[in-house]
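Each chain is listed here by its residues.
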Amino acid sequence: MSTNTYDDRRGRIETYFDRTAVEAWKQLTSTDPVSSIRETVRRGREMMRELLLDWLPVVLDGQRVLDAGCGTGALACEAAIHGAEVVGVDISANLIAIARERAPARTDGGGSVKFLVGDMLGQEHGAFDHVVAMDSLIHYETADLLPALAKLAERTRSSIVFTFAPRTPALMLMHTAGLMFPRGDRAPAIVPVSVAKLTHLIETEPGLSGWAVKRTQRVSSGFYKSQAMQLVRT
Ligand SMILES: C[S@@+](CC[C@H](N)C(=O)[O-])C[C@H]1O[C@@H](n2cnc3c(N)ncnc32)[C@H](O)[C@@H]1O
């Protein structure tokens, strides 16, 4: 990983999610009314969250789960309801404050959730059974994505589920036309990569030897297009 490009990108992501778009993101992840464009994004994100949770074991009792780049914490809370001991980590202090406000006081499923401000790759978070990174790696260069996955893999016992922006002709057109984000509210660029290329890079990344792509699936809902992938230990 190039510390320079990773740190530079992370700084811009933090500025965007912690300042520029914090209110928009708070609204998108609530049940408040949003524009029809954002409604398609909200629906797509709900579909993605359900898919990623479906790929985790049904019973998560006592399992440690990292929600890497947890934002306002919806997925982390769901995993806790399924019994997991969840740590949600995000670089944005403002989004973590919202996640803490929204977290249930207790989870009937017996799990727990703790939200921390920090880098999702930080060693201080400890080891996990499963890591979930929903739309939190999409802004990093592919050259930084692979080492990031390898760093997460070092402290993961069973599976990593994450999303990336699939590189398809239609999506490239949307990126070029600047249609992926509403004007004035644009996030740092998303870095699309094809499923075939990413699969090949994962298979040849030394830091991911002992891991395999188990499955991948696209979620598409209006302006939301994202590809889920699950890595498991072989
Ligand atoms: C598109 S949002 C998705 C949030 C959440 N996973 C969800 O799906 O609602 C991306 C999140 O990743 C966080 N993020 C990006 N890079 C990060 C890093 N290196 N460490 C911690 N959080 C990071 C951002 O601050 C932002 O909250």
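Heads up: these notes are all about the structure in this document. The shown structure was predicted, so the numbers you read here are calculated from the model rather than taken from an experiment.

**So, the site of the ligand**
Stage number 1. Around the ligand sit 19 residues, and of these Arg 45, Gly 69, Asp 90, Met 134 and Tyr 140 come closest.
Stage number 2. The backbone of Gly 69 places a nitrogen or oxygen atom 2.7 Å from a nitrogen atom of the ligand.
Stage number 3. In isolation the ligand has 590 Å² of accessible area, and contact with the protein removes 96% of it.
Stage number 4. Residue classes in the shell around the ligand are distributed as 10 nonpolar, four polar and five charged.

**Re the pairing of strand β2 (residues 85-90)**
Stage number 1. Of all six residues that make up β2, five are buried, and the element is covered over most of its length.
Stage number 2. Across five bridges, the pairing between strand β1 (residues 64-68) and β2 is parallel. Bridging from a neighbouring strand, Arg 64 pairs with Glu 85 of β2.
Stage number 3. Bridge count for β2 against strand β3 (residues 112-117) is six bridges, and the pairing is parallel. In the sheet register, Val 87 faces β3, and the bridge partner there is Lys 114.

**Topic: the state of the cysteines**
Stage number 1. What the rule picks out here adds up to zero disulfides.
Stage number 2. Cys 77 provides the cysteine sulfur closest to Cys 70, a residue in no disulfide bond, and the two sulfurs are 8.9 Å apart.
Stage number 3. The class of Cys 77 is buried, set by a relative accessible area of 11%.

**Considerations on the pattern of salt bridges**
Stage number 1. In the structure shown here, the tally under the stated rule is eight salt bridges.
Stage number 2. We note a salt bridge from Arg 10 to Asp 7, for which the minimum N-O separation is 3.9 Å. With a gap of three residues between them, Arg 10 and Asp 7 both fall in helix α1 (residues 3-20), about one helical turn apart.

**So, the packing of helix α6 (residues 142-154) against helix α8 (residues 195-204)**
Geometry of a packed helix pair, given as the angle between the helix axes and the separation of the axes.
Stage number 1. Axis separation between α6 and α8 bottoms out at 11 Å; the angle between their running directions is 45 degrees. The angle between α6 and α8 falls in the class oblique. For the pair α6 and α8, the sense of crossing is right-handed. Only Leu 198, Leu 201 and Ile 202 of α8 make contact with α6, whose side of the interface consists of Thr 142, Leu 145, Leu 146 and Leu 149.
Stage number 2. The class makeup of the residues in the contact of α6 with α8 is six nonpolar, one polar and no charged.

The rules we used
Residues numbered from 1 in each chain as written. Predicted model: local features only at pLDDT ≥ 70, side-chain atom pairs only at ≥ 80, totals over all residues. Heavy atoms only, no water. Near = heavy atom within 4 Å. Polar contact = N/O pair within 3.5 Å; in protein donor to acceptor, adjacent residues only side chain to side chain. Areas by Shrake-Rupley, 256 points an atom, 1.4 Å probe, with all protein chains shown as cover. Nonpolar A, V, L, I, M, F, W, Y, C, P; charged D, E, K, R; others polar. Buried < 20%, exposed > 50% of the residue type's maximum accessible area, 1.4 Å probe, protein only. Helix = DSSP H or I, 4+ residues; strand = E, 2+ residues; numbered from the N terminus. Pairing = 2+ DSSP bridges. Disulfide = S-S within 2.5 Å. Salt bridge = Lys/Arg side-chain N within 4 Å of Asp/Glu carboxyl O. Axes fitted to C-alpha atoms, helices over the stretch in contact; angles between N-to-C directions. Parallel < 35°, antiparallel > 145°, perpendicular 65-115°, else oblique. Left-handed = near helix turned anticlockwise from the far one by under 90°. Contact = heavy atoms within 4.5 Å.

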